[in-house]
Structure formats: structure tokens, C-alpha cells
Amino acid sequence: MKKLLLLNAIALTMVACGGGGSGKSDTPPASSSASTSSSSVASSEAPSSSSSSSSSTPANSNTWELVWNDEFDGSAIDTTKWSFEKNCTGGGNNELQCYTDRADNAFVADGKLHIVAKKESFSGQAKVDDDPGYNAGDTSVKRDYTSARLRSKNKGDWTYGRMEIRAKLPQGQGIWPAIWMLPTEWKYGGWPLSGEIDIMEAVNSGSAAYGNKVHGTLHYGDVWPNNKYEGTFYIPPKNVWEEYHTYTIEWEEGEIRWYVDNKHFQTENKKGWFTKGSTNENAPFDQKFHMLLNLAVGGNWPGNPDGTTTFPQEMLVDSVKVYRCPANPTTGKGCATNVDSAIKPLTGHPRITGEFAAPPLFTMYDDALATGLKFDSYNPNGAISYSQIAEADHGTVLNVVKTGATGNVYFNIPAGSANLSTWGTGGELVFNLKVNSMAEGAKLLIKMDSGWPSVSDVAATLPATGVWGEYRINVSDLIAKGNSIQSGIANLSSISNIFVIEPTAAMNVSFDNIRLVKP
């Protein structure tokens, strides 16, 4: 359940073996002979639903052992296994619902847990349940929707295992069902330092943009807004709002695998995650986590409901099962199931080892982007784009085209914020640039970024249009200028975006040989 962020395009993929059976078996698939270490990077497009499923042929005698489950066969929600969260805070995502403990929003019937989102006026709590000062009787926040969020915290908490949830999802614009996990004790600090595991999320199911996609994601890294996340989507062959599907993770020390209907579609491992400030290579996914089931309305990711969205909306959960691996309960290793050797681990955001971008020279861009950086952009209105093009006498250069006022392109440090303090005395930022065209009055802001509004920027001196020129500025001078848009200043010891390009109006500009130098 994404918190405090807008999803960018994440690296993604998928396919499945169909999902609408009716039994409630307690036996997971047998272990596969494929090695978990050979799991593979998901491609950027989903394969067609006709792709074959991975083998489920048992290779050894190790089988998962059921340790916790809820089949929802009773007449009421089992409060020895689940607690209700009650608040109207918006989940950190500007969601529109109040979460309640009313039977109107969550109940058990016909062997299913029903989580129901309703369009209705409701007043409730202004603080999250675990926050100091939380008042269960508070009614200071008024919302236009209600729903439910259940969690197993202190009633079902696990480190490693197979988490398997069979559910049918709702459909509609602004509708956001989620099956996910949070740390029980937050050992490494607040979100997302202690991690988040999203087993399944879907937004706007059935829409032209999102269709039948379900997402699996990890959150980790640094504090917001320098938080990191990585994940992919999967497209089951049968619609998630028409059929029940089984959503699963297999979590062992140093690796997590995602499945839909026992089809393996994603792997992430400790080489691609980290917790800032921790030297533990398995952090943060080596602690006890609990499960959450909820149905959100609106928010930063899906956007708001519109005239096509009907209410009530309902997520149906047929069963929740948690297994441990008896082969090695301490690490969870030895029971890997249906591992597809074609799925390589997502690259994630590897932790920085040693000094990043050490003097006397760090070339960020010269025919290609430096190892340890990635291109990204802030582009809410589709007004800015970037590409690499051939340029006479310059080889490959970076070209940025902006058609409006809002947006920028930047070099991100995916491994987390880097300490560039050694550049603060005597270091210079230097680059070549050529303005191909520009609107009258346009400026070119160059920034270093520690997370908004901790940003420093300078208006670069521009050469004549169509002519290559060089710009240079002392790093200390750039940092001292601070944020020209909102009060703030970049922290050189915690830089997350090392080079930000932001024309203030329409401009076509090319860059080459972007570097930090220290004579």
C-alpha cells in the first residue's frame, strides 16, 4: 500500500495459470528444483496470457508447513486474528475514506471476508491508531467515503514464510485494494526504513490505463522524500474482478518471490534493497512483519472516483494462509516453490559501498550516464522529455526538450543519498551546453537536490543559441544559493539527485561532459 509517494513507471511484467477454482486446500505446491538464486529480471512488458506456466514438479521432500490461517467460515471476523484500524488520515496518500470497525464496512458471510467501501458522509479520527494522542472517540475529520483496514499485528507476526491469500478484487476508477505487510516493531526506524512488502495492489481495475494489472512492490531505503521502491505488475489471464486469484509471496532470508495462482513473476533480493544507516545486508526484511487487508478510495496513485465509479465496492477474501519452511525455519530457505529460472531479480537500488563520486573527478555524463546514476524526471503535465542523440564533434549528448513551465530532468542516485561533502571546498560543477531554441525570457535552472524543498539552484549563464559553451560554478556557491522557489537548501552530505535540469519555460537544450572536478 504505497505511502507518501506518487508511482512513477516501475520496471514491470507477468502471466498466470488461471484462477477461479473453489476448494480451500491447506497444501501449497511442492518445492521446485529450480534454484532461487537464478530467478530473473522482469521485462518492461507483460507477456501474453498464453505463456506457459512454470513447472511444479517436486524435487525434494521439503514442503511448507501451515502455521496460521483464516478460512472465514464462521459468522464473524475472528478478533483473535484481526484488529480494525480506525482513522480518517488518508493513509499518507491523500486517500478519501475513513476506516471504521463497523459491520457495514467489514463482515464475514458465505465463507468470505467482505471489505466494503461505501459512498457516505462519515466523521472520524484525525490520527493514525498507533500515534501518540490517538483518540478513539475523535470525530474531527469528515470524509465522503468509508471502508475497512484489517491487520494481524501482534496476532499474526512472522519473519520469513509463504503468505498466500485468495481474493476477488473490486473494479472501478479510484478504487485501490491492497494485501500487504508492515513491520511489527519498526526496528530500523519509521517508514520506509523498516520496510514494507506489498503482496498485491491493484488500482482502477478495468480501466483503459490499468486493465487487469496487479502489482507487487517493496519499499525501503531512506526517509521520505528519498525513499526507494521497486516492483513489477502481472496480468492474470482472467480478470481479477471476475475471478478469485491466489496472491502469494515466498519470503526467505535475502530473497522475496511473488506469485499469482502459483505463477512466479517477480523476485527481489538483498542486492537490490537496503536501509540507510544499517550495515545489515538483509535489512530491513529480516524482522517480524504482520499482514494488512484494506480497500482504499482515491489517493495519489489511482486518483479520485469519477462518474463511472459505482458504490458500494467490495473486496472478497476467501482465505489467508501462512506457512513456514520446516527445512530451516530460521532462514526460511529450502522450500522454494515453482521457481521460474527465467525470472531474474529486479536490479533495485543497491546500497552504496565506499565513497561515491570521489574527487578529483566524477564524470556524470559523457556519451553515457555514469554507473551508479539513472535518468528520471518530474513531469506531471507531459511538458518535458529527454533523449540521447548524436552531435557532430561531441559524440552522444543529452538533449532535453521542454514545452511548458512545469517539470525537470535529473540524475538520480538509486542507491540512496550520497555524501558529497568532499566537494564542498574547491569542487566545481562543470558542463558543456548548447541552446537549440528557447522561449523569450526562459532561464535554465541547474540544481542539486536532497529532497524537496532541500534544494539549491542556480540560473546558468547561456551561450548564444546554436553554439556550444561551457558553464562552471563552485559547488559551495551553488549550495549556498538555496532554493529559489521555496525556502530550503540542499544538504551536501545527503544528495539524492546530483544534477537537475529545469528550464523555466519552453527550451530545447543539449548537454555534454557533465562533471564534478576538484583541482
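Please refer to the structure placed before this passage.
Residues numbered from 1 in each chain as written. Predicted model: local features only at pLDDT ≥ 70, side-chain atom pairs only at ≥ 80, totals over all residues. Heavy atoms only, no water.

Undergrad: Would you mind showing me how to read the overall build of the chain here?
TA: Looking only at helices and strands, the chain features one helix and 29 strands. Partitioning the intrachain contacts of the chain with sequence separation of at least 6 by distance along the chain shows that 78% fall at a separation of at least 24. Accessible surface, the chain: about 20,100 Å² in total, of which carbon and sulfur atoms supply 48%. (Helix = DSSP H or I, 4+ residues; strand = E, 2+ residues; numbered from the N terminus. Contact = heavy atoms within 4.5 Å. Areas by Shrake-Rupley, 256 points an atom, 1.4 Å probe, with all protein chains shown as cover.)

Undergrad: Would you take a moment to explain the packing of aromatic side chains for this structure?
TA: Any aromatic ring pair is given by two values, namely how distant the centres are and how the planes are angled relative to each other. In this structure the tally under the stated criterion is 18 aromatic pairs. Ring centres of Trp-176 and Trp-301 lie 5.7 Å apart, and the angle between their planes is 85 degrees; this geometry places the pair in the edge-to-face category. Residue Trp-176 is located in strand E10 (residues 175–183), and its partner Trp-301 is located in the loop between strand E17 (289–297) and strand E18 (313–324); the two are separated by 125 residues in the primary sequence. Comparing Trp-176 with Trp-301 shows no difference in burial state: the two are buried. Arranged with centres 5.7 Å apart and planes meeting at 75 degrees, the rings of Phe-375 and Phe-411 form a pair that is edge-to-face. Note that Phe-375 is positioned in strand E20 (residues 374–378) and Phe-411 in strand E23 (residues 408–412), a separation of 36 residues in sequence. Just as Phe-375 is buried, Phe-411 falls in that class too. The structure contains a cluster of three or more aromatic residues connected by ring pairs, namely Tyr-365, Phe-375, Tyr-386, Phe-411, Phe-431, Tyr-471, Phe-499 and Phe-511. (Phe/Tyr/Trp six-rings, centres within 6.5 Å; stacked < 30°, edge-to-face > 60°. Buried < 20%, exposed > 50% of the residue type's maximum accessible area, 1.4 Å probe, protein only.)

Undergrad: What is the right way to look at the side chain of Ser-152 in this model?
TA: Position of Ser-152 among the secondary structure elements: in the loop between strand E7 (149–151) and strand E8 (157–158). Once you skip the residues sitting within four places of it in the chain, Ser-152 turns out to touch Trp-68, Lys-81, Trp-82, Asp-157, Trp-158, His-290 and Met-291.

Undergrad: What is the right way to look at the state of the cysteines in this model?
TA: Simply put, disulfide is the name for a covalent bond between the sulfur atoms of two cysteines. Scanning the model with the defined rule gives two disulfides in all. Two residues share a disulfide in this structure: Cys-325 and Cys-335, whose sulfurs sit 2.2 Å from each other. Given an S-S torsion of about 80 degrees, the disulfide between Cys-325 and Cys-335 has right-handed geometry. With Cys-325 in the loop between E18 and strand E19 (361–365) and Cys-335 in the loop between E18 and E19, this pair connects stretches of sequence that are 10 residues apart. Indicated for the chain is the disulfide connectivity 1-2, 3-4, based on numbering the bonded cysteines in sequence order. (Disulfide = S-S within 2.5 Å.)

Undergrad: Any chance you could explain the sheet that holds E20 here in plain terms?
TA: Strand pairing in a sheet takes place through backbone hydrogen bonds and is either antiparallel or parallel in direction. Taken together, the five strands give an open sheet; going across it, the order is E20-E23-E28-E25-E26, and neighbouring strands pair in antiparallel fashion. Unpaired on one side and paired on the other, E20 and strand E26 (455–459) mark the two borders of the sheet. With direction set aside, neighbouring strand axes in the sheet form an average angle of 20 degrees. Strand direction decides the pairing type here: E20 and E23, joined by five bridges, are antiparallel. By the bridge assignment, Tyr-378 is partnered in E23 with Asn-408. (Pairing = 2+ DSSP bridges. Axes fitted to C-alpha atoms, helices over the stretch in contact; angles between N-to-C directions.)

Undergrad: Got a minute to help me understand the pattern of salt bridges in this structure?
TA: A side chain of one charge can pair with a side chain of the opposite charge when the charged atoms of the two come close. In total, this model carries 24 salt bridges according to the counting rule given. Note that Lys-112 and Asp-318 form a salt bridge whose closest N and O atoms lie 3.4 Å from each other. Here Lys-112, found in strand E5 (residues 112–124), pairs with Asp-318, found in strand E18; they are 206 residues apart in sequence, far enough to count as distant. By the burial criterion, Lys-112 is buried, and Asp-318 matches it. Here Glu-281 makes a salt bridge to Lys-270, at a shortest N to O gap of 2.9 Å. Here Glu-281, found in the loop between strand E16 (263–269) and E17, pairs with Lys-270, found in the loop between E16 and E17; they are 11 residues apart in sequence, far enough to count as distant. Overall, Glu-281 belongs to the partly exposed group, its relative accessible area being 45%. The structure contains a network of salt bridges with shared partners spanning Arg-162, Glu-164, Glu-250, Glu-252, Glu-255 and Arg-257. (Salt bridge = Lys/Arg side-chain N within 4 Å of Asp/Glu carboxyl O.)

Undergrad: Teacher, can you tell me more about the environment of Gly-137 here?
TA: Considering the arrangement of structural elements, one finds Gly-137 in the loop between E5 and strand E6 (141–147). Owing to a relative accessible area of 56%, Gly-137 belongs among the exposed residues under this scheme. A sequence separation of 12 residues divides Gly-137 from Gln-125, and the C-alpha atoms of the two residues are 7.2 Å apart.

Undergrad: Can you help me understand unusual backbone geometry in this one?
TA: In most cases, non-glycine residues show a negative phi, while peptide bonds are predominantly trans. The step from Trp-191 to Pro-192 runs through a cis peptide bond, and the omega angle for that step is 0 degrees. Of note in this structure, Asp-110 is not a glycine but carries a positive phi near 55 degrees. Inspection of the secondary structure puts Asp-110 in the loop between strand E4 (106–109) and E5. Within the chain, Trp-186 stands out as a residue other than glycine whose phi angle is a positive 55 degrees. Relative to the helices and strands, Trp-186 is located in the loop between E10 and strand E11 (196–201). In this structure Trp-186 comes out as partly exposed when scored by relative accessible area, which is 26%.

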